[in-house]
Amino acid sequence: MRFDLVFEGSGTKSFAFIGAMEAFFEAGHTIGRLLGTSSGAITAVLLAAGFTPQESLAIQSVPGDEELSVFASLFQLPAPPDSRALKETDLYRLLSWLDIPYLPGFAEPHFVGWLLRQARDKPFMRILINYMERGGAYPTDQFRDWLRNALNSGDDRGQPRRYGDMTLSQFFQASGRELTMIAADIDAFQMLALNHRTAPELPLVEAALMSISLPVVLEDVIWQPEWGRYCGQALGGHEIVDGGSVSSFPIELFVSDAPYVRELMGRRSASGVIGFLVDEEQPVPGLDACRQRSHSGGGHLVDSPVAVMQVVEQLRSLRSARRLEKIMSTSAKAHDKFVMSAFDSLIVHLPALGYDAFEPRMSLCRRNALMQAAREATTAWLAHWSRKQGYARFSTRSTKLADEMAARVTPKSRDGE
């Protein structure tokens, strides 16, 4: 059978998708359209590029250190700003507003500049400045290079992959596979469904970066004018961030029959839709036999990607940061919970109790347990679907509900409809 597949944003827990896809292909099924958010978008990209589950596992493992997630290894400290750039930062302006006791007003800017020059090489200061200037603690250059190289490696259906420098339109023409990634435009206050119809000139790698650029952690992606338009809108200069801030699990886009949704997503031609959801409430069999997750990376912050991730977690544990994070994610999570309830019959719940979204170092035992649980959950779901066959046919109520829920992604792209 042919299925349209949806992958939830789930951080380093996305190893579960590899186990799920092993079971999916072993059952003889094929993929139709692909839709993903954040780390789920990376899974969708790799599948669209013809990667097998085994190939995906290989490229997401760091050579010589299989316990380290490749995503964690890509977190690199930003370069310190030079003296001229330092004076143009928001941090410099903020400190310049302070009235420093016993220091003449004319001397305060010089003192602030001297102070920042002394501190700019410190890891925390580099992180803080990058966050204030670019919306994220860490640059995306390493990730961009990794994904481009991956998409230019190996073969797809007997032909060398050359997808890394393609636009979404070129990728669709070359691969023939329907791929959509969810991102958020924080200037236009809208959800973006990025594919060859909506943003044909957008580079494939940049679209993936947009979907995975978690606010506060990774730099925002700035839409460049040469990347063309989104559904007729000029987005040049707009800041684009992680799609999980608006919807981690937009399965309704594959269920809806509304004409304007079909314009975005294409017509449904598969036997059904499957949504792969990483479920933090379902226990992973065999996990108790594994040692606890390891955060030991060793080394100084500058030298250790794991230590970098630990700093991120420490920052996220602050009460003020957690409150901001909850405010930012409330609408998205409320929407996703409603989606999960409305379309539960289309969802494979992949067990992930005891795993973190940011788990930079995962023992092979823990990783294998997560993947095996996903295999078993997917096998069970597919067996149930095979018996019922009703999941392939959507009721009038479910498609109407999907139409209503999907409308939020399209108002500004429908040109006044």
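Note: the structure precedes this text.
Cut-off values and rules
- Residues numbered from 1 in each chain as written.
- Predicted model: local features only at pLDDT ≥ 70, side-chain atom pairs only at ≥ 80, totals over all residues.
- Heavy atoms only, no water.
- Helix = DSSP H or I, 4+ residues; strand = E, 2+ residues; numbered from the N terminus.
- Buried < 20%, exposed > 50% of the residue type's maximum accessible area, 1.4 Å probe, protein only.
- Contact = heavy atoms within 4.5 Å.
- Areas by Shrake-Rupley, 256 points an atom, 1.4 Å probe, with all protein chains shown as cover.
- Pairing = 2+ DSSP bridges.
- Disulfide = S-S within 2.5 Å.
- Core = buried A, V, L, I, M, F, W, Y, C linked by side-chain atoms within 4.5 Å.
- Phe/Tyr/Trp six-rings, centres within 6.5 Å; stacked < 30°, edge-to-face > 60°.
- Lys NZ or Arg CZ within 6 Å of the ring centre and 35° of its normal.
- Axes fitted to C-alpha atoms, helices over the stretch in contact; angles between N-to-C directions.
- Parallel < 35°, antiparallel > 145°, perpendicular 65-115°, else oblique.
- Nonpolar A, V, L, I, M, F, W, Y, C, P; charged D, E, K, R; others polar.

The subject of this paragraph is the overall build of the protein chain. A count of helical and extended segments in the protein chain gives 17 helices and 16 strands. Counting over 417 residues, the protein chain shows a buried share of 54%. Taking as baseline every contact in the protein chain between residues at least 6 positions apart, the subset at least 24 positions apart corresponds to 77%. Summed over all atoms, the accessible surface of the protein chain reaches about 18,800 Å², with 53% contributed by carbon and sulfur.

The next subject is the pairing of strand S15 (residues 272-279). Counting buried residues along S15, 8 of its 8 residues qualify, which places the element largely inside the surrounding structure. The side-chain alternation of S15 yields two buried faces, one formed by Gly-272, Ile-274, Phe-276 and Val-278 and the other by Val-273, Gly-275, Leu-277 and Asp-279. With 5 bridges connecting them, strand S1 (residues 2-7) and S15 associate as parallel partners. Bridging from a neighbouring strand, Phe-3 pairs with Gly-272 of S15. Both S15 and strand S16 (residues 347-351) contribute to a ladder of 5 bridges, which runs parallel. Across the sheet, the residue bridging to Val-278 is Leu-350, located in S16.

Going through the model one piece at a time under the given rule, you end up with 1 disulfide. Shown here is the disulfide that connects Cys-290 with Cys-365, its sulfur atoms set 2.0 Å apart. Between Cys-290 and Cys-365, the disulfide has an S-S torsion of -75 degrees and is therefore left-handed. Separated by 75 residues along the polypeptide, Cys-290 in the loop between S15 and helix H14 (305-317) and Cys-365 in helix H16 (residues 364-388) bring together distant segments of the chain.

Turning to the nonpolar core, a few remarks are in order. In this structure, Leu-5, Leu-194, Trp-223 and Phe-276 are the most contacted members of the largest nonpolar core, which totals 98 residues. The greatest single-element share of this core, amounting to 9 residues, is contributed by H16. If sequence neighbours within four positions are ignored, Leu-194 has contacts with Leu-168, Leu-179, Thr-180, Met-181, Ala-183, Ala-199, Leu-202, Ala-207, Met-210, Trp-223 and Tyr-230. In terms of nonpolar packing, the next biggest core, distinct from the first, is built from 8 residues, Leu-91, Tyr-92, Ala-119 and Ile-129 among them.

Taken as a whole and judged by the stated rule, the model has 9 aromatic pairs. Judged by centre distance (5.5 Å) and plane angle (75 degrees), the ring pair of Phe-24 and Phe-25 falls under edge-to-face. For Phe-24, a relative accessible area of 0% corresponds to the buried category. Ring pairs connect the aromatic residues Phe-3, Phe-24, Phe-25 and Trp-385, which therefore count as one cluster. For Arg-367, the ring lying beneath its charged end belongs to Phe-15, and the centroid distance is 5.5 Å.

Orientation of helix H2 (residues 39-48) relative to helix H11 (residues 204-212), taken along the N-to-C sense of each, is 155 degrees, at an axis distance of 8 Å. With respect to each other, H2 and H11 are oriented roughly antiparallel. Between H2 and H11, the contacting residues are Ser-39, Ala-41, Ile-42 and Val-45 on the first element and Ala-208, Ser-211 and Ile-212 on the second. Considering only residue class, the contact of H2 with H11 consists of 5 nonpolar, 2 polar and no charged.

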